[in-house]
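Structural characterization, general
Below are the chains, spelled out letter by letter.
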Amino acid sequence: MDKDSLRSQILSRRKLLSAAANRDYSNIIQKKILSLVENQSRENMLVYLPINGEVDTSFLINFYSQNKKRLFLPKFKDSYWSVAEFTDAKMVECGPFGTLQPSGKISRQEIDLAIVPGVAFSTKGTRLGYGKGVYDRLLEKSNAIKVGLAFDFQIAEVEGKAHDILMDLVVTEKRIIKTI
């Protein structure tokens, strides 16, 4: 199946997921992430604020904040994607593609762990996003552990290209897929 058809099929299925199922599955996924050894010693976390029925990250954001981790979100400024520190939910502004981003300054901080959304992921760590290449550009030179979050029905055969970043782990409500 080509990327556009797969993207359309998965997004349609995700849209049908009830709010209760999204919440329940998201909670399971987030608790799994906190149990990962790869998560334990990280200090600088890239997270996302969900859109379009993506796996919710609010539990992770609250946990990391309470445990004095530095949180960052993608930020688009001057035709360039970077990261900005996320310290307060009240300090966000509307970014491109319906995303929320920090209103603060862009940071040059090195990210230790990147929590990444996706439309679909393969068992080999290939990620299918919305087709804009945001995370590919954002993480192309990063040494961060890259963790994709998805509902289990989002695991599919995804064909990657040379510029696509690979996930080190993909976490669903049913499994943890280690690709490293």
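Our subject is the structure listed above.
How each quantity is defined
Residues numbered from 1 in each chain as written. Predicted model: local features only at pLDDT ≥ 70, side-chain atom pairs only at ≥ 80, totals over all residues. Heavy atoms only, no water. Core = buried A, V, L, I, M, F, W, Y, C linked by side-chain atoms within 4.5 Å. Buried < 20%, exposed > 50% of the residue type's maximum accessible area, 1.4 Å probe, protein only. Phe/Tyr/Trp six-rings, centres within 6.5 Å; stacked < 30°, edge-to-face > 60°. Helix = DSSP H or I, 4+ residues; strand = E, 2+ residues; numbered from the N terminus. Arc of directions from axis to C-beta. 1 Å grid on protein atoms, 1.4 Å probe; cavity = no way out; pocket = protein on both sides within 12 Å on 5 of 7 lines; lining within 4 Å. Points joined across faces, edges and corners; volume = space filled by probe spheres on them. Nonpolar A, V, L, I, M, F, W, Y, C, P; charged D, E, K, R; others polar.

1. Side note on the nonpolar core
Note that soluble globular proteins tend to have their nonpolar side chains buried in a common cluster. Ranked by size, the top nonpolar core spans 44 residues in total, and within it Ile 33, Leu 46, Tyr 64, Ile 115, Tyr 135, Val 147 and Leu 149 carry the most contacts. Grouped together as the second largest cluster of nonpolar side chains are seven residues, Leu 6, Ile 10, Ala 120 and Leu 128 included.

2. Section: the packing of aromatic side chains
Going through the model one piece at a time under the given rule, you end up with four aromatic pairs. With 6.0 Å between their ring centres and 20° between their planes, Phe 151 and Phe 153 make a pair best called stacked. Summarising the burial analysis for this pair, Phe 151 and Phe 153 share the class buried. Joined through ring pairs, the aromatic side chains of Tyr 25, Phe 151 and Phe 153 make up one cluster.

3. Digging into helix α4 (residues 58-66)
All of the buried residues along α4 are Leu 60, Ile 61 and Tyr 64. One face of α4 carries all of its buried residues, which in axial projection span an arc of 100°. Among the residues trailing α4, Lys 68 stands out with phi positive, at a value near 60°.

4. Observations regarding the layout of surface pockets
Its boundaries defined by the atoms lining it, the largest pocket holds a volume of some 540 Å³. If you go around the largest pocket, you meet 29 residues; those closest to its centre are Arg 127, Tyr 130, Lys 132, Val 134 and Tyr 135. Listed by contribution, the elements that provide at least two residues to the lining of the largest pocket are α1 (3-16), β2 (70-77), β5 (100-102), β9 (127-128) and α5 (134-139). For the lining of the largest pocket, the element with the most residues is α5, which contributes three residues. Of the residues contributing to the lining of the largest pocket, the split by class is 13 nonpolar, eight polar and eight charged. Looking at the second largest pocket, its volume works out to about 430 Å³. Together, 18 residues line the second largest pocket, and Tyr 80, Trp 81, Ser 82, Arg 137 and Leu 138 are the ones closest to its centre. Those elements that place two or more of their residues in the lining of the second largest pocket are β3 (80-85) and α5. The element contributing the most residues to the lining of the second largest pocket is β3, with four residues. When its residues are assigned to classes, the lining of the second largest pocket shows eight nonpolar, five polar and five charged.

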